[in-house]
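# Structural features, examined
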Amino acid sequence: MQKTDIFSALSDPSRRDIISLLRQRDMTHGELREHFDFTKPTMTHHLQILRQSGLITVERKGKYKIYSLNVSVVEEITAMIINLFQKKQN
């Protein structure tokens, strides 16, 4: 996982919306598509970028793929941003 990949993945508003939905609960590809006016290939593309950046994970359960937010990566990015803008104490 490269941090530039994460920020690139987050640069798209639709992908940020996908992450917001996955923050609420794990979802299948179809459940996520219900919230967007995307074709199946477009949703697959967005999910692939999010997976490659490490922001989400996928687990196969029977015939379904369940997408989840990768909380550890989100926590790592949050800490990095806080450290970046935190005032240094003398």
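Our subject is the structure that appears above.
Let me begin by describing the structure that accompanies this report. (Residues numbered from 1 in each chain as written. Predicted model: local features only at pLDDT ≥ 70, side-chain atom pairs only at ≥ 80, totals over all residues. Heavy atoms only, no water.)

### Looking at the overall build of the chain
What counts, and what does not: The way it works is that DSSP assigns letters per residue, a run of H or I at least four long becomes a helix, a run of E at least two long becomes a strand, and they are numbered from the N terminus. Think of it in three bands: with a 1.4 Å probe and only protein chains considered, a residue is buried below 20% of the maximum accessible area for its type, exposed above 50%, and partly exposed in between. It only takes one pair of heavy atoms within 4.5 Å for two residues to be counted as in contact. The protein chains shown are the only cover counted for residues, whose accessible areas, like all others here, come from Shrake-Rupley with a 1.4 Å probe. Charge convention: Lys and Arg are scored as positive, Asp and Glu as negative, and His as well as the terminal groups of each chain are ignored. Where a charge lies is defined by one atom per residue type, namely NZ (Lys), CZ (Arg), CG (Asp) and CD (Glu).
When helices and strands are tallied, the chain shows five helices and three strands. Along the chain, helices and strands appear, N-terminal first, in the series α-α-β-α-α-β-β-α. Expressed along its principal axes, the backbone C-alpha trace of the chain runs to roughly 55 × 25 × 20 Å. Taking all 90 residues of the chain together, 32% fall into the buried category. When contacts within the chain are restricted to residue pairs at least 6 apart in sequence, long-range pairs at least 24 apart make up 50% of them. Here the chain displays about 6400 Å² of accessible surface, and carbon together with sulfur accounts for 49% of that area. Charge separation in the chain, taken as the distance between the mean sites of 14 positive and 10 negative side-chain charges, equals 2 Å.

### A word on helix H4 (residues 40–53)
Quick reminder of the rule: Given the number of residues in a helix, its expected span is that number minus one, multiplied by 1.5 Å. The arc in question is the one spanned by the directions pointing from the helix axis to the C-beta atoms.
Here H4 spans 20 Å end to end across 14 residues, near enough to the 20 Å set by a 1.5 Å rise per residue. Buried within H4 we find Met43, His46, Leu47, Leu50 and Ser53. The buried side chains of H4 occupy one side of the element, clustering within an arc of 125° when seen end-on. Opposite the buried face of H4, by more than 90 degrees, sit the exposed residues Lys40, Pro41 and Gln52.

### Brief notes about the side chain of His46
As a reminder of what qualifies: The definition of a polar contact used here is a pair of N or O atoms within 3.5 Å, where within protein one atom must be able to donate a hydrogen and the other to accept one, and adjacent residues in sequence count solely through side-chain atom pairs.
With respect to the secondary-structure elements, His46 resides in helix H4. Polar contacts involving the side chain of His46 include one to the side chain of Arg15, which spans 3.1 Å. In this view, His46 contacts Asp12, Ser14, Arg15, Ile18 and Phe38; residues no more than four positions away in its chain are not counted.

### With respect to the pattern of salt bridges
Here is the rule we go by: Any Lys or Arg side-chain nitrogen located within 4 Å of an Asp or Glu carboxyl oxygen qualifies as a salt bridge.
Following the criterion strictly, the structure yields one salt bridge and no others. The partner of Arg25 in a salt bridge is Glu31, and the shortest N-O contact between them spans 3.7 Å.

### Considerations on the pairing of strand S3 (residues 64–69)
For the record, the criterion: A pair of strands is labelled paired if DSSP reports no fewer than 2 bridges between them.
Where strand S1 (residues 27–28) meets S3, two bridges bridge the pair, whose relative direction is antiparallel. What sits directly across from Thr28, in S3, is Ile66. Examined bridge by bridge, strand S2 (residues 56–61) and S3 share six bridges and lie antiparallel to one another. Considered in S3, the bridge of Glu59 is made with Ile66. Taking the residues that link successive antiparallel strands as the turn, the S2-S3 hairpin has two residues, and the phi of Gly62 there is positive, at about 65°.

### Overview of helix H2 (residues 13–24)
The first and last C-alpha atoms of H2 sit 17 Å apart over twelve residues, in line with the 16 Å expected at 1.5 Å per residue. Listing the buried residues of H2 in full gives Arg15, Ile18, Ile19, Leu21 and Leu22. Burial along H2 is one-sided: seen end-on, the buried residues are contained in an arc of 160°. In this structure, H2 carries Arg23 and Gln24 as exposed residues pointing more than 90 degrees from its buried face. Its side-chain oxygen at 2.8 Å from the backbone nitrogen of Ser14, Asp12 defines the N-terminal cap of H2.

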